Amino acid sequence: MLIALDMDGTLLNEEGNISPENREAIVQAQKLGHIVMIATGRSYMDAERQLRLADLECPVVSLNGAVVTLPDRTIAASKPLNKEDIIPALRWMNEIPDLYYEVYTEDNVYVELNKRVRLEKLSSLSDEEVPEEVSWLLKAMIDQQFQQAAVTYVESMEEIWSKEENVIYKTLAFSLNRELLKEASTRFAAIPGLIITASHVNNIEVNHQDANKGAAVGMLAAHFGIPPEQVAVMGDSYNDLPMFEMAGYKIAMENAAPILKETADFITLSNAEHGVAAGLRHLLEKQQDPEGKVQ
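Residues numbered from 1 in each chain as written. Predicted model: local features only at pLDDT ≥ 70, side-chain atom pairs only at ≥ 80, totals over all residues. Heavy atoms only, no water.

## Overview of the environment of alanine 252
Working step 1: Relative to the elements of secondary structure, alanine 252 occurs in strand β13 (residues 249-252).
Working step 2: The exposure class assigned to alanine 252 is buried, which follows from its relative accessible area of 0%.
Working step 3: Distance from alanine 252 to methionine 234, taken between C-alpha atoms, is 5.8 Å for residues 18 residues apart in sequence.
Working step 4: When neighbours within four sequence positions are excluded, alanine 252 is seen to be in contact with Gly235, Phe244, Leu260, Lys261, Ala264, Phe266, Ile267 and Thr268. (Helix = DSSP H or I, 4+ residues; strand = E, 2+ residues; numbered from the N terminus. Buried < 20%, exposed > 50% of the residue type's maximum accessible area, 1.4 Å probe, protein only. Contact = heavy atoms within 4.5 Å.)

Rendered as structure tokens:
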């Protein structure tokens, strides 16, 4: 069985760590011969750092499926964005004060310093000015930046995309103004070869059209000779939907978006309650059941 785990909101707890309970469950599944992999929107460096801190080795699908890396660090697949195509849209976002965005290369996340400052100001607004759910998201985004190993703040994003050696795999945009997000989405949607997804109603994520968690998990399953019906996935957000659509068994976190819960075969505990460990225990018990779908 191939088991794909999302990171933020799934494998990682509220402190941004892999809990001992989740680690133990992963090790147990691996000892039984199952392949446990990571499927995340984070860069490979950040995902690998989390695994290293927990003393785990797993294949990693990073940047929403744009890069697929085997445990020996061999890159099995790579789907970068066409930089020249997206620069006009990136420049437009640069000029919009209320639109925060990040640019992801293989091993780094770039943020313009003045955008970071504005994000911090937004997070300090009152509950009357910012809904509680969005306020929580703002805090989570800022906390995640501190947790990430590879965040670089720059004076101007122009210096990033103008360097030929910088390959861009993903960009993420966030705004309290959903009309601005809609405009950003429209601009990127007009560019051939892109896919626009979201991990929240207040953000969008832009990748190569062939870069999504479902395609990347399917590619790794084929690499290991595992049919889709023997693939199990666990996640919490909209960008996990592609791998939910291709998997034989789907587990949603208790804290997952409603659409994932609606399509899930099983709902586990939240990420704050070691939900991955509970989900893996459920999977391993199900595997022993001759009537179970997952083998």
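## Structural notes on unusual backbone geometry
It is generally the case that most residues other than glycine have a negative phi and that most peptide bonds are trans.
Working step 1: Notably, leucine 63 is not glycine yet its phi reads approximately 55°, a positive angle.
Working step 2: Among the secondary structure elements, leucine 63 is positioned in the loop between β3 (60-62) and β4 (67-69).
Working step 3: With a phi close to 75°, arginine 73 is a non-glycine residue in the positive phi region.
Working step 4: By the secondary structure assignment, arginine 73 is in the loop between β4 and β5 (75-78).

## Notes on the pairing of strand β6 (residues 100-104)
Working step 1: For β6, the buried fraction is high: five of the five residues fall into the buried class.
Working step 2: Of the two faces of β6, the one holding Tyr100, Glu102 and Tyr104 and the one holding Tyr101 and Val103 are both buried throughout.
Working step 3: Alignment of β6 against strand β9 (residues 170-174), held across five bridges, turns out to be antiparallel. Across the sheet, tyrosine 101 pairs through a bridge with alanine 173, a residue of β9.
Working step 4: In this sheet, strand β7 (residues 109-112) lies alongside β6 in antiparallel orientation, the contact comprising three bridges. Of the residues in β7, the one forming a bridge with glutamate 102 is valine 111.
Working step 5: Here β6 hands over to β7 after four residues, the two strands then running antiparallel side by side. (Pairing = 2+ DSSP bridges.)

## Things to note about the packing of helix α2 (residues 20-31) against helix α12 (residues 275-288)
Working step 1: Packing of α2 against α12 leaves a shortest axis separation of 7 Å and a crossing angle of 25°. Between α2 and α12, the interaxial angle falls into the category roughly parallel. As for the relative orientation of α2 and α12, their crossing is left-handed in sense. Within the contact between the two elements, α2 uses Glu21, Asn22, Ala25, Ile26, Gln28 and Ala29 and α12 uses Gly275, Val276, Ala277, Leu280 and Leu284. (Axes fitted to C-alpha atoms, helices over the stretch in contact; angles between N-to-C directions. Parallel < 35°, antiparallel > 145°, perpendicular 65-115°, else oblique. Left-handed = near helix turned anticlockwise from the far one by under 90°.)

## What to know about the packing of aromatic side chains
Working step 1: Scanning all chains against the criterion turns up zero aromatic pairs.
Working step 2: The aromatic ring of tyrosine 104 is capped on one face by lysine 170, whose charged end is 4.4 Å from the ring centroid. (Phe/Tyr/Trp six-rings, centres within 6.5 Å; stacked < 30°, edge-to-face > 60°. Lys NZ or Arg CZ within 6 Å of the ring centre and 35° of its normal.)

## Re the side chain of asparagine 22
Working step 1: In this fold, asparagine 22 is placed in helix α2.
Working step 2: At a separation of 2.9 Å, a polar atom in the side chain of asparagine 22 contacts the main-chain amide nitrogen of alanine 277.
Working step 3: Contacts of asparagine 22, omitting those with residues within four sequence positions, involve Thr10, Leu11, His274, Gly275, Val276 and Ala277. (Polar contact = N/O pair within 3.5 Å; in protein donor to acceptor, adjacent residues only side chain to side chain.)

Spatial relationships are all this shows, so hold off on functional conclusions.
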